Amino acid sequence: MTADLQLPVAEIVPVILFAYLAGSIPGGLVITRMMGLTDPRTFGSGNMGATNVLRTGSRLAAGLTLVVDAGKGTLAVLVGAGLAGVPGAWIAGPAAFLGHLFPVWTRFRGGKGFATFLGVTLAYDILTCALAGATWLACAAAFRYSSLSALAAAIVAPGAAYLAVGIETGIILSGLAVVLWIRHAANIGRLWNGEEPRIGSR
């Protein structure tokens, strides 16, 4: 996938703003409030992602959180493509991802980013997303660590995108994967020390 990246500011700014604001929607917080559940920022990891929302005991809430967090990444890329073509899609993905990590609505305190990473990947290439998702499921089934599964999937996605779509998309996902790994630094430390909570733990 190749394209001219010399976009006018009039096209770039709306794409970045929409993607960032869409990415900033705190899915876990919205879902738990609508369902009358405990604020996910007050227990477990303090994260608003699906894994921590699952600790409320509601699988429905966790599933909806996953859909919202992934969906906003996909939506941002599709809208970016509609507004400014392929370059718009390339710009929108990182903007939505950063919006999830640093959402304006919650004082720039966001999640770890895997669901949105997966949603962005889906918009770029469905097969790459399927491979990353399968990697997450396989690791989760084998080890029951959500963070480890996300880290493994984040390694797989850029390489798969490079082969299936092109070097530009592979580079973009590589950058997002590096940031995702940095955001999981505390999880990596707990995994190393054998202290990381497993999926479904209270």
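First, a word on what this report is: a plain description of the structure on this page. Small disclaimer: the values here were computed from a predicted structure and weren't measured.

1. Quick word on the overall build of the protein
Counting its secondary structure elements, the protein contains nine helices and zero strands. The order of helices and strands in the protein, counted from the N terminus, is α-α-α-α-α-α-α-α-α. Its C-alpha atoms put the protein at 50 × 35 × 25 Å along the principal axes. Across the 202 residues in the protein, those meeting the buried criterion constitute 45%. Sequence separation of 24 or more characterises 65% of the internal contacts of the protein that already satisfy a separation of 6 or more.

2. Quick notes on the packing of helix α5 (residues 114-124) against helix α8 (residues 167-183)
Relative to each other, α5 and α8 sit at 175°, their axes nearing to 11 Å. The pairing of α5 with α8 is recorded here as roughly antiparallel in orientation. Taking contact as the criterion, the partners of Phe 114, Phe 117, Val 120, Thr 121 and Tyr 124 in α5 are, on α8, Thr 169, Ile 172, Leu 173, Leu 176, Ala 177 and Leu 180. Considering only residue class, the contact of α5 with α8 consists of nine nonpolar, two polar and no charged.

3. Things to note about the environment of Ala 186
In this fold, Ala 186 is placed in helix α9 (residues 185-193). With relative accessibility at 48%, the residue Ala 186 sits in the partly exposed group. As a C-alpha pair, Ala 186 and Gly 88 span 98 residues in sequence and 33 Å in three-dimensional space.

Rules behind the numbers
- Residues numbered from 1 in each chain as written.
- Predicted model: local features only at pLDDT ≥ 70, side-chain atom pairs only at ≥ 80, totals over all residues.
- Heavy atoms only, no water.
- Helix = DSSP H or I, 4+ residues; strand = E, 2+ residues; numbered from the N terminus.
- Buried < 20%, exposed > 50% of the residue type's maximum accessible area, 1.4 Å probe, protein only.
- Contact = heavy atoms within 4.5 Å.
- Axes fitted to C-alpha atoms, helices over the stretch in contact; angles between N-to-C directions.
- Parallel < 35°, antiparallel > 145°, perpendicular 65-115°, else oblique.
- Nonpolar A, V, L, I, M, F, W, Y, C, P; charged D, E, K, R; others polar.

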